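# Topology and contacts: notes
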Amino acid sequence: MNKINFMGFIVAERCNPNGDPVTDNMPRTRFDGRGEISSVALKRKIRDRLQDAGYDIFVQPLPSKDGCKSLQERAETFIGKASKIREEDFIRRACDKWIDVRAFGQVFAYTSKDGGVSISIKGPVSITQAASLEPVIVEALNITRVVNTNADAKKRSERFGARKWIIDHGVYQFFGGIYPSLARATGFDQQDALAIRDAMINMFNGDASNYRPDGAIVMHRLLWWEHAGADGTVNPAKILHGVTATPTETWPYYTVTVPEFAGLTLTDYEI
């Protein structure tokens, strides 16, 4: 397969794109006020869409679809005891079984009665954090619950104050790539690359929640470049800084200027 680079634009409006548990689940922001969605959050949504499409996923949220209660249990259930398997065979079986392992890589590190395991797999797919094009306005919505949650009159809580954090709106940009040299080591192929692409396009489909109502956050645009060879024909930094994204006042709150790069084939996906 040829080297691939991609750039995505996420549009969020009146929602919390990615809460930070350290700051009362406020939307993540940088020191300059720009919003941020962590790469871990992006990969979680990609994994979820891949699982929806029928792929086996190693890093699953609880409750898991395969019934395993931990990563260690999942590895031992489907691969076997690491102490009884050669490291090369363990890596091959893990990559063959789970698309997220052969895409993003994985660190298998745990202890057991039969001996521990410490195996690191480096995946070919890399994704940056998504940062907003300009500072976001964070708002706090105070919530009052007018219900009784306890039958004991002394412990009744008819009114309970809580806080819900949202941003007014923001356009979040991320960048990434798929590297054939690492893909060969994990068995990641062109079909897997297209599965990752489709999962990114549908990243927020079926991901609605109280903090992200349906339609409040969308993967609005994905630029997908395929190089002419496995080693790449254009420096990724030239692609990243060659694209100009300009904020606007109305939805989708941005415009993009994409130059032509010799040796690259661009496919532009837009909702």
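The present account deals with the structure reproduced in this document.

Attention now moves to the overall build of the protein chain. Check the secondary structure of the protein chain and you find seven helices and 14 strands. Considering only C-alpha atoms, the protein chain reaches an extent of 65 × 55 × 30 Å along its principal axes. Contacts in the protein chain between residues at least 24 apart in sequence constitute 70% of all its contacts with a sequence separation of at least 6. Element-wise, carbon and sulfur atoms account for 49% of the exposed surface of the protein chain, whose accessible area totals about 14100 Å².

We now examine the packing of aromatic side chains. Across all of its chains, the model carries eight aromatic pairs by this definition. For the ring pair Phe 90 and Phe 108, a centre distance of 5.1 Å and an interplane angle of 85° mean the geometry is edge-to-face. Taken together, the residues span a long stretch of sequence, with Phe 90 in helix H3 (residues 87–97) and Phe 108 in strand E5 (residues 105–110) at a distance of 18 residues. Summarising the burial analysis for this pair, Phe 90 and Phe 108 share the class buried. Clustering of aromatic rings is evident, with ring pairs tying together Phe 58, Phe 78, Phe 90, Trp 98 and Phe 108. Lying over the aromatic face of Tyr 211, Lys 164 brings its terminal NZ or CZ to 6.0 Å of the ring centre.

Now for the pattern of salt bridges. For the structure shown, the criterion picks out 18 salt bridges. Arg 34 is the salt-bridge partner of Asp 32, the closest N and O atoms lying 3.1 Å from each other. Using a relative accessible area of 45% as the deciding quantity, one classes Asp 32 as partly exposed. For the salt bridge of Arg 92 with Asp 89, the shortest nitrogen-to-oxygen distance reads 3.7 Å. Placement of the pair is Arg 92 and Asp 89 together in helix H3, with a separation of three residues, close to one helical turn. In this structure Asp 89 comes out as buried when scored by relative accessible area, which is 18%. Residues participating in the shared-partner salt-bridge network are Arg 14, Glu 139 and Asp 168.

Turning our attention to the nonpolar core. Judged by nonpolar contacts, the single largest core of 36 residues is most densely connected at Phe 6, Ile 10, Ile 46, Phe 174 and Met 200. Within the residue set of this core, elements represented by two or more residues are strand E1 (4–15), helix H1 (39–52), helix H4 (99–104), strand E7 (125–127), strand E10 (159–178), helix H6 (190–201) and strand E11 (217–227). Sequence-distant contacts of Phe 174, defined by excluding residues within four places in its chain, comprise Phe 6, Met 7, Gly 8, Ile 10, Leu 42, Ile 127, Thr 128, Gln 129, Ala 130, Met 200, Met 203 and Met 219.

We now examine empty space enclosed by the protein. Evaluated as defined, the whole model comprises two cavities of 30 Å³ or more. Put simply, the largest cavity is a space of about 40 Å³. Forming the boundary of the largest cavity are Phe 204, Asp 207, Ala 208, Arg 212, Pro 213, Asp 214, Gly 215 and Ile 217. Residues that form the lining of the largest cavity fall into these classes: four nonpolar, one polar and three charged.

This paragraph deals with the state of the cysteines. On inspection of all chains with the given rule, the structure shows zero disulfides. Not engaged in a disulfide, the cysteine Cys 68 finds its nearest cysteine sulfur in Cys 95; these two sulfurs lie 18 Å apart. On the basis of relative accessible area, Cys 68 is assigned to the buried category, the value being 4%.

This part covers unusual backbone geometry. Residue Pro 63 follows Leu 62 across a cis peptide bond; omega there is 0°. Relative to the assigned elements, Pro 63 resides in the loop between H1 and helix H2 (71–78). The omega angle of the peptide bond from Trp 251 to Pro 252 is 10°, so this bond is cis rather than trans. Topologically, Pro 252 is positioned in the loop between strand E12 (244–247) and strand E13 (254–257). One non-glycine residue, Asn 25, adopts positive backbone phi at about 65°. For Asn 25, the location among the structural elements is in the loop between strand E2 (19–20) and strand E3 (26–27). Taking the relative accessible area as the measure of exposure, Asn 25 reaches 30% and is therefore partly exposed.

Thresholds, definitions, all that
Residues numbered from 1 in each chain as written. Predicted model: local features only at pLDDT ≥ 70, side-chain atom pairs only at ≥ 80, totals over all residues. Heavy atoms only, no water. Helix = DSSP H or I, 4+ residues; strand = E, 2+ residues; numbered from the N terminus. Contact = heavy atoms within 4.5 Å. Areas by Shrake-Rupley, 256 points an atom, 1.4 Å probe, with all protein chains shown as cover. Phe/Tyr/Trp six-rings, centres within 6.5 Å; stacked < 30°, edge-to-face > 60°. Buried < 20%, exposed > 50% of the residue type's maximum accessible area, 1.4 Å probe, protein only. Lys NZ or Arg CZ within 6 Å of the ring centre and 35° of its normal. Salt bridge = Lys/Arg side-chain N within 4 Å of Asp/Glu carboxyl O. Core = buried A, V, L, I, M, F, W, Y, C linked by side-chain atoms within 4.5 Å. 1 Å grid on protein atoms, 1.4 Å probe; cavity = no way out; pocket = protein on both sides within 12 Å on 5 of 7 lines; lining within 4 Å. Points joined across faces, edges and corners; volume = space filled by probe spheres on them. Nonpolar A, V, L, I, M, F, W, Y, C, P; charged D, E, K, R; others polar. Disulfide = S-S within 2.5 Å.

Just distances and angles here, no functional claims.
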